[in-house]
Amino acid sequence: MAENDYILQVKDLKQYFYPDRKHVVKAVDGVSFRVRRGSTFGLVGESGSGKSTIGKALIRLNDPTSGSILFDGEEIAGKLTRDLRRHITGKMQMIFQDPMASLNPKKKIIDIVAEGLDANHLYKSREERTELVCSMLECVGLSREFANRYPHMFSGGQRQRVGIARAIIMNPEVIIADECISALDVSIQAQVVNLLKDLQAERKLTYIFIAHDLSMVKYISDYIGVLHLGHMVEMGTKDDIFDHPIHPYTRSLLSAIPEPNPITERSKKVQGYDYYTSGIDYSKGTQHTFSPTHTVLCTDEEFARWA
Amino acid sequence: MENNNAIQNGEPILQIQDLSVSFDTTRGQLHAIRGVNLTLHKGETVAIVGESGSGKSVTVKNVMGIGSSNQVINSGRILYTYMDGAQRKTVDLLKFSKKKMIQEINGKHIAMVFQDPMTALNPLFSIGYQLTEGMMLHKHMSKKEAWKRGTELLAEVGITDPELCMKRYPHQLSGGMRQRVVIAIAVSCDPDILICDEPTTALDVTIQAKILELIQYMQKQRNLSVIYITHDLGVVAKVADYVCVMYAGKIVERGTAYEIYFEARHPYTWGLLLSMPDLSTRDDRLYTIPGSPPNLLHQVRGDAFAVRNAYALEIDFEQEPPMFRISDTHEAASWLEHPDAPKVEMPEVLQRRIRLMKEKVQAGGEGRG
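Not measured: the values here are computed from a predicted model.

Enquirer: Would you mind going over the overall build of chain B in detail, with residue names and values included?
Expert: Secondary structure summary: chain B contains 12 helices and 12 strands in total. Expected size for 369 residues packed as a compact globule is a radius of gyration near 21 Å; at 22 Å, chain B falls within 12% of this value. Each of the three principal axes of chain B carries a C-alpha extent, and together these read 65 × 50 × 50 Å. Here chain B holds 369 residues, and 45% of them are scored as buried. Residue pairs in contact within chain B that sit at least 24 positions apart in sequence constitute 65% of those at least 6 positions apart.

Enquirer: Mind laying out the overall build of chain A, listing which residues take part and the relevant values?
Expert: Along its length, chain A carries 13 helices and 12 strands. Rg of the C-alpha trace for chain A: 20 Å, near the compact-globule value of 19 Å for 307 residues, within the 12% margin. Across its three principal directions, the C-alpha atoms of chain A cover 65 × 50 × 45 Å. Of all intrachain contacts in chain A linking residues separated by at least 6 positions in sequence, the fraction that spans at least 24 positions is 64%.

Enquirer: Requested: an account of the interface of chain A and chain B, with residues and values cited.
Expert: With 34 residues of chain A in contact, the opposing surface of chain B contributes 40 residues. Within the residue set of the side of chain A that touches chain B, elements represented by two or more residues are α7 (186–203), α8 (214–220), α10 (248–255) and α11 (262–267) of chain A.

Enquirer: Residues and numbers for unusual backbone geometry, please.
Expert: If you check the backbone angles, A:D72 has positive phi at about 55° while not being a glycine. Judged by the 17 C-beta atoms lying within 10 Å of it, A:D72 falls in the partly exposed class. Phi is positive for B:D190, close to 50°, though the residue is something other than glycine. Structurally, the position occupied by B:D190 is in the loop between α7 (175–187) and β7 (193–197). B:D190 sits in the partly exposed class, given 14 other C-beta atoms within 10 Å.

Enquirer: Residue-level account of the sheet that holds strand β5 (residues 74–75) of chain A, with values.
Expert: All names here are of chain A. Across the sheet, four strands lie side by side as β2-β1-β4-β5; this open sheet has antiparallel pairing. Only two strands of the sheet have a single neighbouring strand rather than two, namely β2 (25–36) and β5. For strand β1 (residues 6–17) and β2, the ladder comprises nine bridges, and the chain directions are antiparallel. For F17, the partnering residue across the bridge sits in β2 and is V25. Against the sheet, helix α1 (residues 51–58) makes contact with β1, β2 and β4 (66–71), and its axis sits at roughly 65° relative to β2, the strand it touches most.

Enquirer: Run through the domain arrangement of chain B, naming residues and quoting values.
Expert: Residues and elements named next belong to chain B. When cut into domains, chain B gives domain 1 (3–240) and domain 2 (270–362). A straight line from the C-alpha centre of domain 1 to that of domain 2 covers 30 Å. Contacts between the two partners involve nine residues from domain 1, matched on the other side by six residues from domain 2. In terms of residue count, strand β2 (residues 28–41) provides more of the side of domain 1 that touches domain 2 than any other element does, four residues in total. Each residue belonging to the side of domain 1 that touches domain 2 can be placed in one class, and the counts come to four nonpolar, three polar and two charged.

Enquirer: Go over helix α8 (residues 205–222) of chain B with me, naming the residues and quoting the values.
Expert: Taking 1.5 Å of rise per residue, the 18 residues of α8(B) would be expected to cover 26 Å, and the 26 Å separating its terminal C-alpha atoms lies within 8% of that figure. Looking only at α8(B), the buried set comprises B:V205, B:T206, B:I207, B:Q208, B:A209, B:K210, B:I211, B:L212 and B:I215. Looking at the buried positions of α8(B), the neighbouring elements they touch are α8 and α10 of chain A together with α7, β7, β8 (225–230) and α9 (233–239) of chain B. Downstream of α8(B) by one or two residues, B:N223 has phi in the positive range, about 55°.

Enquirer: Residue-level account of the domain arrangement of chain A, with values.
Expert: Residues and elements named next belong to chain A. Segmentation of chain A into domains returns domain 1 (3–229) and domain 2 (232–307). Measuring from the centre of the C-alpha atoms in domain 1 to the corresponding centre in domain 2 gives 27 Å. Between domain 1 and domain 2, the residue contacts involve 15 residues of the former and 17 residues of the latter. Secondary-structure elements contributing two or more residues to the side of domain 1 that touches domain 2 are β2, α8 and β9 (223–228). Among the elements that make up the side of domain 1 that touches domain 2, the one with the highest residue count is β9 (six residues). Its residues placed into classes, the side of domain 1 that touches domain 2 shows nine nonpolar, four polar and two charged.

Enquirer: For α1(A), give the residues involved together with the corresponding values.
Expert: All names here are of chain A. With seven of eight residues buried, α1 lies mostly within the body of the structure. When α1 is considered as a whole, its buried residues turn out to be K51, S52, T53, I54, G55, A57 and L58. Of the residues one or two after α1, R60 is the one with positive phi, at around 65°.

Enquirer: Help me get a handle on the nonpolar core, residues and values and all.
Expert: Counting 182 residues, the largest nonpolar core has A:I208, B:I227, B:V236, B:V243 and B:V245 as its most contacted members. Sorting elements by how many residues they give to this core places α7(B) first, with eight residues. If near-sequence neighbours (up to four positions away) are discounted, B:V245 is found in contact with B:V49, B:G50, B:I251, B:V252, B:E253, B:I260, B:H266, B:Y268, B:T269 and B:L272.

Calculation criteria
Residues numbered from 1 in each chain as written. Chains lettered and ligands numbered in written order. Predicted model: local features only at pLDDT ≥ 70, side-chain atom pairs only at ≥ 80, totals over all residues. Helix = DSSP H or I, 4+ residues; strand = E, 2+ residues; numbered from the N terminus. Rg over C-alpha atoms; globule rule 2.2 N^0.38 Å. Buried ≥ 20, exposed ≤ 12 C-beta atoms within 10 Å, placed from the backbone. Contact = placed C-beta atoms within 7 Å. Pairing = 2+ DSSP bridges. Axes fitted to C-alpha atoms, helices over the stretch in contact; angles between N-to-C directions. Domains from an automatic or database assignment. Nonpolar A, V, L, I, M, F, W, Y, C, P; charged D, E, K, R; others polar. Expected span 1.5 Å × (residues − 1). Core = buried A, V, L, I, M, F, W, Y, C linked by C-beta atoms within 7 Å.

So, in structure tokens, the structure goes:
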């Protein structure tokens, strides 16, 4: 496998926060993964597991404490030169969770979507700018008349489409979608997910899909990483994770997914998982390979027990 | 009067009859609810499912008497039956003033759990204060008694170290903990009806499952009648006895959970079921319902769903379908149920999915390990 098959290679990423002198919050504590070009990597885990922090570190909204992030073969975890920053902010884009909070209510849609173009001077005339934005709106399934409206005039699903248009207009290679469908209704979620899939096929995009809704993650992702308390406890293809979960945390997550089947659902008991009483220590574990695509964080003894 | 006058399980406790509500907006009248009928029986769970804007929250807000100030109630009654000492009383909640609702009904008889536990709790007061407030007012407990009872309640909802938690403030608790506190507050005055408005939408899957189990446990312990509002059909499958599917201010289909999931008749229900990816989905695209819900500022002609409905008949654009009875518990408002209508089967994909689900049940339930 050629090295440049992987657009992103994250190695031993650590992100610590220091709320005051005495405390340290290890939000991400040594996470490694690789993302293949044109694929979708799903990051799942409960709140506080560090999934959003990883997303923010990748796009350098946070400065990682240590570790390496190779983006297209270039190291972007350390100090950024001006050119490199411009490169990654153009080639990596983010879609946020709450489309109401992430769109400026005082700006028109056209100005919101064109913000990246403005910052990078990517057009020669006003007309070209308008044209670029309008064609982008059509591309995400909005009509071009919407360009002169304000965010409050749209429904949640439409706003999220604006958020997607804003991300795509820079012709990025990687899109980090941070819980981008969690705030939407089920039927709207399906529309947005279909749109994301279409855009991926059209533009060969790579997605980092951060979510806690596992059924959607399974649907959209090729690879899934399960995070808990800042550690990547299990990682594999979606079939590895869903058909052969090994780590007890993954199992408990899977058992908690509500299924639209009233007969099984009523009698189902969710498998509990409590890190502090389970006797598992993430910092002692190492990555064990279960199959070429499937790795688990555990000690030798735990691996023998679970696998 | 004897005490066997008490409301038995299965008797209607709350009946919403032909409720119609509109809002005065700057752009005219918005008909948010257009004739909703719903009956809640003692000890049962009813779930109302629908997209945002379908009117599910407006319906239950009127049960609580906390409707917005620009709303106009065009018609309808909300009959609530309760025991006042040994006497059975039936009242129309819509006739009560806001003040009377707060004094006599809210919290004491009908309690509500809201979506976002951070906004439902007041950040300026301790958990203990907010938990004891209702008990002191409604049950005339002394502060000491209420505090003791509150500590017991926190232990019951699964909070470790309840004494410490009583002294804490909302921001010191996690989302799941906060929702547990809200549930403890809701059941603190022993209500008959618990209304849960999207109780788990703001929470993760693992916490969601625990909160749902907690509500179920509370329901069993106290013989509560519960109304759930949600757009998540997975949640509904777990908790509901009866399901009402709401669309554009009307209930379009109602039935037992089994009937809605396995024998749905309304095309909108099919659409909702299909747009949810189940874990065995291998298809390339998810099904989506085309179009968007109608603008309720305009008068709806015919069936509100007709324009988005692939199975719409001509009459759907002309005349509103009545509720057609399918079984004792199952009704659907779709002209397809009319004896003269052409026979339409539910979509192939959905049939296959249901068949798989049923097979899985026969194979012994839990397929995944």
